[in-house]
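Geometric and topological summary
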Amino acid sequence: MSAAQRCAVVTGASSGIGAATARVLAAQGYRVILGARRLERLQALAAEVGGVAAPLDVTDTGSIAAFAAHLPAGIDILVNNAGGALGLEPLAEMDETHWSGMWQSNVLGLVRVSKALYPHLLRAPTGLGHVVNIGSVAAHETYAGGGGYTACKHAVKAISETMRVEWLGQPLRVTEVDPGLVETEFSLVRFAGDAERAAAVYAGMEPLTAMDVADAILWAVTRPAHVNIDEIIIKPRDQARVGMVHRH
Ligand code: NAP
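Quick caveat, the model's predicted, so the values are computed rather than measured. (Residues numbered from 1 in each chain as written. Predicted model: local features only at pLDDT ≥ 70, side-chain atom pairs only at ≥ 80, totals over all residues. Heavy atoms only, no water.)

**Observations regarding the overall build of the protein**
Looking only at helices and strands, the protein features eight helices and nine strands. Across its three principal directions, the C-alpha atoms of the protein cover 50 × 35 × 35 Å. In the protein, buried positions account for 50% of the 248 residues. Put simply, 69% of the contacts in the protein that link residues at least 6 apart link residues at least 24 apart. Total accessible area computed for the protein in this model is approximately 11,300 Å², and 56% of it derives from carbon and sulfur atoms. Side-chain charges of the protein comprise 20 positive and 24 negative groups, with the mean position of each set lying 6 Å from the other. (Helix = DSSP H or I, 4+ residues; strand = E, 2+ residues; numbered from the N terminus. Buried < 20%, exposed > 50% of the residue type's maximum accessible area, 1.4 Å probe, protein only. Contact = heavy atoms within 4.5 Å. Areas by Shrake-Rupley, 256 points an atom, 1.4 Å probe, with all protein chains shown as cover. Lys, Arg positive; Asp, Glu negative; His and termini not counted. Charge placed at Lys NZ, Arg CZ, Asp CG, Glu CD.)

**Examining the site of the ligand**
Near the ligand there are 31 residues, and of these S14, S15, R37, Y149 and T184 occur at the shortest range. Between the ligand and D57 there is a distance of 3.0 Å, counted from a nitrogen atom to a side-chain nitrogen or oxygen. V58 places a main-chain nitrogen or oxygen 3.0 Å from a nitrogen atom of the ligand. A total of 880 Å² of accessible area belongs to the ligand in isolation, and the protein chains cover 95% of it. Judged by the fraction of its atoms near the pocket grid, the ligand is located in the largest pocket. If you list the elements that add at least two residues to the shell around the ligand, you get α1 (16-27), α5 (147-166) and α6 (186-190). Residues of the shell around the ligand, tallied by class, amount to 13 nonpolar, 13 polar and five charged. (Near = heavy atom within 4 Å. Polar contact = N/O pair within 3.5 Å; in protein donor to acceptor, adjacent residues only side chain to side chain. 1 Å grid on protein atoms, 1.4 Å probe; cavity = no way out; pocket = protein on both sides within 12 Å on 5 of 7 lines; lining within 4 Å. Sits in = over half its atoms within 2 Å of the grid points. Nonpolar A, V, L, I, M, F, W, Y, C, P; charged D, E, K, R; others polar.)

**Things to note about the layout of surface pockets**
Estimated volume of the largest pocket: approximately 1,200 Å³. Looking at the lining of the largest pocket, the elements that each hand over two or more residues are α1, α4 (96-121), α5 and α6. Classifying every residue of the lining of the largest pocket gives 23 nonpolar, 19 polar and seven charged. (Points joined across faces, edges and corners; volume = space filled by probe spheres on them.)

**Describing the nonpolar core**
Counting residues in hydrophobic clusters, the biggest one holds 36 residues, and the most contacted among them are L25, V32, L34, V79, V177 and I217. A total of eight residues in this core trace back to one element, the largest contributor, which is helix α8 (residues 210-221). Sequence-distant contacts of V177, defined by excluding residues within four places in its chain, comprise V132, N133, I134, G135, S136, V213, I217, I232 and I234. I33, L117, V131 and I159 belong to the second largest nonpolar core, which has 30 residues in total. (Core = buried A, V, L, I, M, F, W, Y, C linked by side-chain atoms within 4.5 Å.)

**Some details on the packing of aromatic side chains**
This structure, assessed with the given rule, holds two aromatic pairs. Over the face of the ring belonging to Y30 we find R6, whose NZ or CZ atom lies 4.2 Å from the ring centre. (Phe/Tyr/Trp six-rings, centres within 6.5 Å; stacked < 30°, edge-to-face > 60°. Lys NZ or Arg CZ within 6 Å of the ring centre and 35° of its normal.)

**Comments concerning the sheet that holds strand β6 (residues 172-179)**
Spatial strand order, β3-β2-β1-β4-β5-β6-β7: seven strands in an open sheet with parallel pairing. The strands lining the two open edges of the sheet, one partner per strand, are β3 (52-55) and β7 (231-234). Within this sheet the neighbouring strands show an average axis-to-axis angle of 15°, counted without direction. With four bridges joining them, β6 and β7 adopt parallel strand pairing. Residue pairing across strands places E176 opposite E231, the latter belonging to β7. Sheet strands touched by α5: β5 (129-134), β6 and β7. Its angle to β6, the strand with the most contacts, is close to 160°. (Pairing = 2+ DSSP bridges. Axes fitted to C-alpha atoms, helices over the stretch in contact; angles between N-to-C directions.)

**Some words on empty space enclosed by the protein**
Applying the stated rule across the entire model yields two cavities of 30 Å³ or more. In this structure, the largest cavity occupies an estimated 50 Å³ of space. Looking at the largest cavity, the residues that line it are L86, G87, E89, H98, W99, M102, G145, G146, G147, G148, Y149 and R190. Going through the elements one at a time, α4 and α5 are the ones with two or more residues in the lining of the largest cavity. Size it by volume and the second largest cavity reaches roughly 40 Å³. Along the walls of the second largest cavity sit T11, V58, N80, N81, A82, S105, G109, L110 and V113, which together make up its complete lining.

**A look at the environment of G101**
Structurally, G101 can be placed in helix α4. Considering only alpha carbons, one finds G101 and P119, 18 residues apart in sequence, at a separation of 27 Å.

**Observations regarding the pairing of strand β2 (residues 31-36)**
With five of its six residues buried, β2 lies for the most part within the structure. By the bridge criterion, five bridges tie strand β1 (residues 7-11) to β2 in an arrangement that is parallel. Each bridged residue has a counterpart across the sheet, and for T11 the counterpart in β2 is G35. Handedness of the crossover joining β1 and β2 through α1 is recorded here as right-handed. Considered for its hand, the β-α-β crossover made up of β2, helix α2 (residues 39-49) and β3 is right-handed. (Right-handed = clockwise from strand over helix to strand, strands pointing away.)

Distances and angles like these do not, on their own, reveal function.
Spelled out as structure tokens, the structure:
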């Protein structure tokens, strides 16, 4: 890799929004470094886009350290995308395993990876590092059964704001991208592989595609250097709010 080539790290690049973002950034000339737990999928995508696949479990500080050790000194973009929802239990039936799993990946994982890559972002080949945190409409609204996930994504919003406060004056930008319903493996993971239940989430409506979200990320990272896009909320036209969906 040439020292001056722009470089982007995408966490959770083995599926959905992360994989689409890797494709879009690679098409723009970024050298993409892909992290996730399912290495075979990452390797296939890396071969397709000319990027690098590296195992990464954002819940494990050792895994993050090993991932960071193989990065070039300078990184232009970090897309903190790894995460998702587990379960849909009401608070009165709170599942500790689900809550801690979601907190570990969506919140602590995001902060851990950002901490590890912070020195790399300060040495971005373009002179401007950019962190893109994938939040959700769940950072802005709550819903029955979504207590654990919405608490996590509200935390992501607080963390994005804190990054902008703490890094003010440094050559860093911070954007949060908050999608509504996107058809990925998200619901399959949430419902522990129950494909019928996952499909029902998108039944009769037209959800966003992962590419729609990747396109929003691309727009945010290609603004002029003096511009910081703080937040993008992006929903399907068939969705007015969480849980308020037009089904044809
Ligand atoms: P997805 O298809 O299930 O992708 C999730 C990705 O996160 C996978 O690549 C998964 O890879 C990775 N991941 C999960 N836990 C990880 C861990 N511990 N370490 C490293 N990677 C991990 O779902 P998606 O919709 O693309 O989700 C991406 C992000 O968008 C998530 O933060 C999610 O909360 C957010 N989001 C999704 C929607 C939606 O409707 N789909 C809406 C709003 C926000 P491995 O399993 O291979 O590790």
